[in-house]
Amino acid sequence: MTRHNQPKPDDRSDNVEKLQSMVQNTIENIEESHETLAYASSEERANIEAKNLRREESIAAMREEIKDEAAARENGYQS
């Protein structure tokens, strides 16, 4: 018996909310890391600061995606 794998329909209805939640979680991670910096060695401090830079880049990218998704939502997700 052969199974046909059907792709799930593209449900973008909650993408904006999911992205906003991801941004908030990333901001919280940055804030928590600032508390850790007070007790970090110089090597750990450098690693944390580098990770926070990557987090900030991710936040910027997610915010751009939020704008795109919000615009797509307003346009009815039409291509």
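Structurally, the position occupied by T26 is in helix α1 (residues 15-37). Looking at T26, the relative accessible area reads 13%, which means it is buried. Here the side chain of T26 touches M22 through a polar contact of 2.8 Å, landing on its backbone oxygen. Not counting chain neighbours up to four residues away, the residues in contact with T26 comprise R55, I59 and M62.

This part covers the nonpolar core. V16, L19, V23, I30, I59, M62 and I66 form the largest nonpolar core, which has seven residues in total. For this core, the element with the highest residue contribution is α1, accounting for four residues. Setting aside anything within four residues of it in sequence, one finds L19 in contact with M62, E65, I66 and E69.

Look at α1 against helix α2 (residues 42-74): their axes get within 9 Å of each other, and the N-to-C directions meet at 165 degrees. Between α1 and α2, the angle falls in the class roughly antiparallel. As α1 packs across α2, the resulting crossing turns out to be left-handed. Its residues assigned to classes, the contact of α1 with α2 comprises 12 nonpolar, eight polar and nine charged.

This brings us to α1. Its 23 residues place the ends of α1 33 Å apart at the C-alpha level, agreeing with the 33 Å of an ideal helix rising 1.5 Å per residue. Along α1, the residues that are buried comprise N15, V16, L19, V23, T26, I30, S33 and L37. Residues of α1 that are buried in the fold lie against α2.

Conventions and cut-offs
- Residues numbered from 1 in each chain as written.
- Predicted model: local features only at pLDDT ≥ 70, side-chain atom pairs only at ≥ 80, totals over all residues.
- Heavy atoms only, no water.
- Helix = DSSP H or I, 4+ residues; strand = E, 2+ residues; numbered from the N terminus.
- Buried < 20%, exposed > 50% of the residue type's maximum accessible area, 1.4 Å probe, protein only.
- Polar contact = N/O pair within 3.5 Å; in protein donor to acceptor, adjacent residues only side chain to side chain.
- Contact = heavy atoms within 4.5 Å.
- Core = buried A, V, L, I, M, F, W, Y, C linked by side-chain atoms within 4.5 Å.
- Axes fitted to C-alpha atoms, helices over the stretch in contact; angles between N-to-C directions.
- Parallel < 35°, antiparallel > 145°, perpendicular 65-115°, else oblique.
- Left-handed = near helix turned anticlockwise from the far one by under 90°.
- Nonpolar A, V, L, I, M, F, W, Y, C, P; charged D, E, K, R; others polar.
- Expected span 1.5 Å × (residues − 1).

By themselves, these are just geometric observations and shouldn't be taken as functional.
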